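# Coordinates in review
Residues per chain are reported as follows:
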Amino acid sequence: MEDLILTGPVVDSAMEVLDQKFRTHKLWEIEDKAAFLRDHKATRLMASFGTLQVDTDLMDALPALEMISVFGVGVDMVDLDAAKARGIRVTNTPDVLNDAVAEMTLALMLATCRQIVHADAFVRAGKWSDAPYPLTGELTGAKVGILGLGRIGKEIALRCQAFKMQVVYSGRREQPFQPYQYYSDLVEMARDVDWLIGVVPGDTGTQGLVSREVLEALGPQGSFVNVGRGSLVDEGAMLDLLKNGGLGAAGLDVFFNEPEISPEFFELSNVVLIPHQASATHKTRWAMGDLFVRNLLAYCSGTPLISPVI
Ligand code: NAP
Ligand code: 8YV
């Protein structure tokens, strides 16, 4: 059996297959990692999940590494330049999670706009008989700007249309066959919309893209929803603006320093916070696990990778 190093716990259905096919090593559970890596220098295969960075140090410690299968579509935990320079192949799990992530985006929008969490607490606290719950906003008729009209962004757009919202988008380039208005300037789009959705990858090109200026343009009546990565927003500016009323509200699945997020979030009543759950359904995690395993097996059998990144 061949060695496989895992950087984090994957879904049970995938783990069962991996345990049958490989000699699996759970790196996050190993106390003396340096000694373990010294003893397993010849390992060719790695599975990446969770918060452990697959960086140059880890790649240097595993000079025989040939393939990294990422459990997730975002590959920000892997230093792709370093992998490319070493000829390491990297795969991810695109498409199978589009629906679940789009669904969670709408759930965050609804929860934020219709104040579902506060209203639930209001009923549980027995306050309903004292006074009616205050009126809230509504998604119908509002304008939503999607930053990153990719695989997931397009599914979000469809669902927003079903809610009778007007959809526009921003990205590095216009997509001529998409029916939505394109903005090359993110500040301009933020000024024009009621909702800004962040669903771009967490790479160097997107770091802080949703800047203070963008959030200020979105303004006191605007709401920001982030299902991309915490790094794409200036989190300090977002917290400031949410506190002082410069930004209306936020629905957040991803954060700058997960899972130890800034405690400042807990003081805010105009945010809905989810612990990076957008793809975390039984059905979708099974499908991600299946694709993630099939990529590893394809590499081992010398057949083409199913969803290669590099
Ligand atoms: P995708 O199909 O590659 O779409 C990414 C979009 O981002 C593209 O439309 C791209 O458009 C745009 N983009 C990329 N770099 C950009 C930049 N520097 N500036 C502006 N726009 C940029 O990816 P996807 O499958 O939809 O996934 C998107 C991301 O969602 C993932 O990378 C991951 O970080 C996140 N995600 C989160 C969860 C979760 O659980 N919260 C789950 C899945 C995915 P252009 O190329 O035209 O610029
Ligand atoms: C996963 C995600 O929860 O696919 C992604 O990019 O963010 C989520 O589906 C994440 O990859 C966990 O590693």
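Preceding block: the structure.
The rules we used
- Residues numbered from 1 in each chain as written.
- Chains lettered and ligands numbered in written order.
- Predicted model: local features only at pLDDT ≥ 70, side-chain atom pairs only at ≥ 80, totals over all residues.
- Heavy atoms only, no water.
- Near = heavy atom within 4 Å.
- Polar contact = N/O pair within 3.5 Å; in protein donor to acceptor, adjacent residues only side chain to side chain.
- Areas by Shrake-Rupley, 256 points an atom, 1.4 Å probe, with all protein chains shown as cover.
- Nonpolar A, V, L, I, M, F, W, Y, C, P; charged D, E, K, R; others polar.
- Helix = DSSP H or I, 4+ residues; strand = E, 2+ residues; numbered from the N terminus.
- Core = buried A, V, L, I, M, F, W, Y, C linked by side-chain atoms within 4.5 Å.
- Buried < 20%, exposed > 50% of the residue type's maximum accessible area, 1.4 Å probe, protein only.
- Phe/Tyr/Trp six-rings, centres within 6.5 Å; stacked < 30°, edge-to-face > 60°.

### What about the site of ligand 2?
What surrounds ligand 2 is the set Phe49, Gly50, Phe71, Gly72, Val73, Gly74, Leu97, Arg229, His276, Ser279, Arg285 and Met288. Here His276 contributes a side-chain N or O atom positioned 2.7 Å from an oxygen atom of ligand 2. Between ligand 2 and Arg285, the relevant distance is 2.8 Å, taken from an oxygen atom to a side-chain nitrogen or oxygen of the residue. For ligand 2, whose free accessible area comes to 330 Å², the fraction covered by protein is 86%. Class assignment of the residues belonging to the shell around ligand 2 gives a composition of 5 nonpolar, 5 polar and 2 charged.

### Thoughts on unusual backbone geometry
Across the junction of Glu258 and Pro259, the peptide omega takes the value -5 degrees, indicating a cis bond. Mapped onto the elements, Pro259 comes out in the loop between strand 11 (249-252) and strand 12 (271-273). Although it is not a glycine, Gln115 sits at a positive phi angle of roughly 55 degrees. Summarising the element assignment, Gln115 is placed in the loop between helix 5 (98-113) and helix 6 (116-124).

### Regarding the site of ligand 1
What surrounds ligand 1 is a group of 26 residues, the closest being Arg151, Arg172, Arg173, Val227 and Asp253. Within the contact set of ligand 1, a nitrogen atom lies 2.7 Å away from a side-chain nitrogen or oxygen of Asp253. Alone, ligand 1 offers 920 Å² of accessible surface; in the complex the protein occludes 88% of this. The class makeup of the residues in the shell around ligand 1 is 12 nonpolar, 9 polar and 5 charged.

### Structural notes on the nonpolar core
Counting residues in hydrophobic clusters, the biggest one holds 47 residues, and the most contacted among them are Leu18, Met109, Val144, Ile146, Ile156 and Trp195. Of all hydrophobic cores here, the second largest spans 30 residues; its members include Leu147, Val200, Leu242 and Phe265.

### Comments concerning the packing of aromatic side chains
The description of an aromatic ring pair rests on the distance of the ring centres and on the angle between the ring planes. Scanning all chains against the criterion turns up 5 aromatic pairs. For the pair Tyr169 and Tyr182, a centre-to-centre distance of 5.2 Å together with 50 degrees between the ring planes defines the contact as tilted. On the criterion of sequence distance, the pair formed by Tyr169 in strand 7 (residues 166-170) and Tyr182 in strand 8 (residues 181-183) is long-range, its members being 13 residues apart. Of the two residues, Tyr169 and Tyr182, neither departs from the other in class, the shared state being buried. Taking 5.3 Å as the distance between ring centres and 80 degrees as the angle between the ring planes, the aromatic pair formed by Phe255 and Phe265 counts as edge-to-face. Of this pair, Phe255 sits in the loop between strand 11 and strand 12 while Phe265 sits in the loop between strand 11 and strand 12, and the two are 10 residues apart along the sequence.

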